[in-house]
Amino acid sequence: MTGGVVRRAGALILVVGRAFALVVVIGLVAGGMPAVWAQDGNDGFFADEMHRPRITTDLTDEIYDYLEMWEDRGYLRRPLPYLRPYPLQVMQDALEDVVARAPRRHSERAEEFLRQIDREPGIHLRGEHLSEFSNDGDYFGYTGGAAQSAGYILDNLSIAGRIGLYLVDQNEVSDDVYPAGRRNMTIDYMRDDSELGALGREFLLTASVQGMAGFGSDTTYAQVGLTRSSYGPFYDSGVVLSPGAPHAGHFSFTHRSERFTYQHLLLAVTATKDDGRARDIDRDGFRVAPNKFVVLHGLTFHLLDWLDVSLHESITYGQRFDPMYLIPTSVLIYNQILYGEKDSAFIGFTVNARLPHDLAASTTFYLGDIGFGDLARGNLDTRYKWGWQTGTRWTPFIGMLERVSADYTMILPYTYTHRRKPPGDGSLYEVGYDGEPRDTPDVNYQNYTHHGQSLVDLDPNSDRIRVNTRLRPHRFVTLHLQSAFMRHANATREGHYKDVDGEDLGTSDGSVNDPGYRSDDDNLFDQWRFMTQDVIERIVQLGFDAEITLPVEVEWFTATRGAPGALTVDFGYTFEYGWNRRPRGEGEWVELGVDDAERLNRPVPVEGNDGARHYGRFGFSLAY
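Residues numbered from 1 in each chain as written. Predicted model: local features only at pLDDT ≥ 70, side-chain atom pairs only at ≥ 80, totals over all residues. Heavy atoms only, no water.

Some thoughts on the overall build of the protein chain
For step 1, the next point in the chain: Counting secondary structure elements, the protein chain contains eight helices and 26 strands.
For step 2, the next point in the chain: The buried share of the protein chain, taken over its 624 residues, is 56%.
For step 3, the next point in the chain: The long-range share in the protein chain, meaning contacts at least 24 apart out of those at least 6 apart in sequence, stands at 69%.
For step 4, the next point in the chain: Of the roughly 25,900 Å² of accessible surface on the protein chain, a fraction of 58% belongs to carbon and sulfur atoms. (Helix = DSSP H or I, 4+ residues; strand = E, 2+ residues; numbered from the N terminus. Buried < 20%, exposed > 50% of the residue type's maximum accessible area, 1.4 Å probe, protein only. Contact = heavy atoms within 4.5 Å. Areas by Shrake-Rupley, 256 points an atom, 1.4 Å probe, with all protein chains shown as cover.)

Given below as structure tokens:
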């Protein structure tokens, strides 16, 4: 049995290797060996004109990858802020640093980015399609077009954004389209009643909107808009705020000086019931609730030219708007205690170092709760609710190799969860409160979610180690090689949530919607539960993503824009093998009992449920 699994895994790894080799060969044939293996002094690698309009609100745009790599190599006069997206003012200043300070290959690339970010906002059109699928028949796809724009309205006022209309294939849509630990990173859209039936399938005709306005200079600026946001030294993930979280209302202020950077963020997010249900209307007609906010402070000290230390804290609250949390010099945790509200606070730090030999290292810690009293008495078996991410990056730019990165992330049980205790004398945390009947799930304004999704990538009681490689075999070809090993276990076993009469209050799932509250005297998060379970899900991933961008010489392109348009084709494959896997795609709404809530029964790790899964994606876009 084991030998068969190994043989199948080996065969699939061989398929990945052959696909990778094919992409590299395409790059070699397209550009020739001299272009592939040129060093930093390569002449003309990025000199040819490529008109690919970009907007700063797109956190997946490779401009963010290059800014991170150039910062690690020391081409920027000062570190970039941890809060993204950046306004044009910051991006332009950083690119001009690279033009002035970097070798020719990098300066030409920065000049190209500067040409693709317009000084005056113009309207650029983009048509695109994406298909994502798994071997079990899960599918997500969309086809549509968008108009996007970026530029300066005034000398100190920039805008960037896009609005599109898409036809979304709603059939077989589930989280199973994506490998474990990954989410939709393409478009944000809202489900509504604009459903269409055609060819025996159901489609959703929907809009997708994102946009930001930045007012100020590259040293002091404010931003407002609707966009995805991220915070921290890890650009593609994070334990504070991940770019995989859905787009939200963004209000921020940033001040940068030679010795420190201060950032203040207010996110206007939406609350869901404690079961995490957001997109489907339940029997009460409930969808999502407004008046939920996340406030984040970050103060980064630039201690040395190569060393930055940051302190950050956040508060998640709702059902009111609290101006105390907007005071720049306030301490959020102190304010929470002072005003007696049961909000959810986090505090932490980040250390980022730019090291010799094109190396950089970062670590971020984010603490929600810890049993200080128990620790002081020497009891280590106490509550710990925190996330931690640490990693290193090597950015050599040797031939086609641009960057190799590795990081480790740990999320302890019940981290990012929170629930207010209901009023009354009972010690039990009921399913419903605020005078509502018990069979009505309460709206949660304190957990670290937006629209029912966590603001970070991993579930509680999980960890992950990743190794990623970025290659550029040719001017028009980019290749990402990805590998990961991750674990997850459910810290809440069946039957943990029973009331004084022995009645089960609901099946727990160990997700961000499972807060671990049982009673004042016996909460589940009061003991160390990280990976102490008998059944632990273990997953290995290996895959690649490739992107090929070519100039398109069409007469009406060049006539209207003075430069070719851009055709981009991207595709990828991920092989995943898991032991004790959670049965994916089997979550469903179930009625647990007469007095209990209708809850989402999310799958938990199942002993002996081993097997492989395959994920693929293919997309293309045409922009001018």
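Picking up after the structure, the text goes on.
Here we look at the environment of Tyr231
For step 1, the next point in the chain: Within the secondary structure, Tyr231 sits in strand E8 (residues 230–231).
For step 2, the next point in the chain: Here Tyr231 falls in the buried class, since its relative accessible area comes to 3%.
For step 3, the next point in the chain: C-alpha of Tyr231 to C-alpha of Leu241: the two residues are 10 residues apart in sequence and 5.1 Å apart in space.
For step 4, the next point in the chain: Leaving out residues up to four positions away in the same chain, Tyr231 has contacts with Tyr82, Leu83, Arg84, Val240, Leu241, Gln263, Leu296, Gly298, Ser310 and His312.

Describing the pairing of strand E12 (residues 307–318)
For step 1, the next point in the chain: Within E12, 10 of the 12 residues are buried, leaving the element largely enclosed by the surrounding structure.
For step 2, the next point in the chain: When strand E11 (residues 289–304) meets E12, the two strands line up antiparallel, connected through 12 bridges. Note that in E12 the partner of Lys292 across the bridge is Gly318.
For step 3, the next point in the chain: Connecting E11 to the antiparallel partner E12 that follows it, the hairpin turn spans two residues. (Pairing = 2+ DSSP bridges.)

Notes on the packing of aromatic side chains
For step 1, the next point in the chain: All chains considered together, the criterion is met by 25 aromatic pairs.
For step 2, the next point in the chain: Pairing Tyr66 with Trp70 gives two aromatic rings, centres 5.3 Å apart and planes at 45°, and the pair type is tilted. Residue Tyr66 and its partner Trp70 are located together in helix H3 (residues 62–72), separated by four residues, close to a single helical turn. Here the two residues Tyr66 and Trp70 agree in accessibility, since each one is buried.
For step 3, the next point in the chain: Seen in terms of ring centroids, Trp528 and Phe530 are 6.0 Å apart; in terms of plane orientation they differ by 70°. Their pairing is edge-to-face.
For step 4, the next point in the chain: On the basis of relative accessibility, which here comes to 35%, the residue Trp528 falls in the partly exposed class.
For step 5, the next point in the chain: Aromatic ring contacts, followed pair by pair, group Tyr66, Trp70, Phe113 and Phe397 into a single cluster.
For step 6, the next point in the chain: Sitting above the plane of the Tyr235 ring, Arg84 keeps its charged end 4.0 Å from the centroid.
For step 7, the next point in the chain: Its end group placed over the ring of Phe525, Lys385 keeps NZ or CZ at 4.6 Å from the ring centre. (Phe/Tyr/Trp six-rings, centres within 6.5 Å; stacked < 30°, edge-to-face > 60°. Lys NZ or Arg CZ within 6 Å of the ring centre and 35° of its normal.)

Considerations on H3
Along an α-helix, a turn takes 3.6 residues, which lines up residues three or four apart on a common side.
For step 1, the next point in the chain: Of all 11 residues in H3, 11 are buried, a share of seventy percent or more.
For step 2, the next point in the chain: Within the span of H3, buried status applies to Glu62, Ile63, Tyr64, Asp65, Tyr66, Leu67, Glu68, Met69, Trp70, Glu71 and Asp72.
For step 3, the next point in the chain: Where H3 starts, the residue carrying a side-chain oxygen 2.9 Å from the main-chain nitrogen of Ile63 turns out to be Asp61.
For step 4, the next point in the chain: Just beyond H3, the residue with positive phi is Gly74, at close to 85°. (Polar contact = N/O pair within 3.5 Å; in protein donor to acceptor, adjacent residues only side chain to side chain.)

Section: the pairing of strand E16 (residues 401–411)
For step 1, the next point in the chain: Here strand E15 (residues 384–394) runs beside E16; their pairing, made up of eight bridges, is antiparallel. From the neighbouring strand, Thr392 faces E16, where its bridge partner is Ala406.
For step 2, the next point in the chain: As consecutive antiparallel partners, E15 and E16 are separated by six residues, and within that stretch Phe397 has a phi angle of approximately 50°, a positive value.
For step 3, the next point in the chain: Of the pairings in the sheet, the one linking E16 to strand E20 (residues 462–474) comprises 10 bridges and is antiparallel in character.

A short note on the environment of Pro243
For step 1, the next point in the chain: Of note, Pro243 is situated in the loop between E8 and strand E9 (248–256).
For step 2, the next point in the chain: With 213 residues separating them along the chain, Pro243 and Val456 place their C-alpha atoms 8.1 Å apart.
For step 3, the next point in the chain: With near-sequence residues (within four places) excluded, Pro243 lies in contact with Leu59, Met185, Arg228, Ser229, Ser230, Tyr235, Asp236 and Ser237.

Observations concerning the confidence of the model for the protein chain
Where the model shows low pLDDT, its predicted coordinates should not be examined in detail.
For step 1, the next point in the chain: Residues of the protein chain with pLDDT of at least 70 account for 75%, and the chain-wide mean is 80.
For step 2, the next point in the chain: Low pLDDT, under 50, characterises residues 1–48; the stretch is placed with 73 contacts to residues that sit more than four places away or in other chains.
For step 3, the next point in the chain: Of the regions scoring below 50 in pLDDT, residues 278–285 engages in 21 contacts with residues more than four places distant in sequence or in other chains. (pLDDT = per-residue confidence, 0-100.)

Side note on the pattern of salt bridges
For step 1, the next point in the chain: Applying the stated rule across the entire model yields 40 salt bridges.
For step 2, the next point in the chain: The closest approach of N and O atoms between Arg393 and Glu68, which form a salt bridge, is 3.5 Å. Of this pair, Arg393 sits in strand E15 while Glu68 sits in helix H3, and the two are 325 residues apart along the sequence. The same class applies to Arg393 and to Glu68, which are both buried.
For step 3, the next point in the chain: In this structure, Arg403 and Glu68 form a salt bridge, with 2.5 Å as the shortest nitrogen-oxygen distance. Remark: Glu68 occurs in helix H3 and Arg403 occurs in strand E16; sequence separation between them is 335 residues. Each member of the pair, Arg403 as well as Glu68, carries the same accessibility label: buried. (Salt bridge = Lys/Arg side-chain N within 4 Å of Asp/Glu carboxyl O.)

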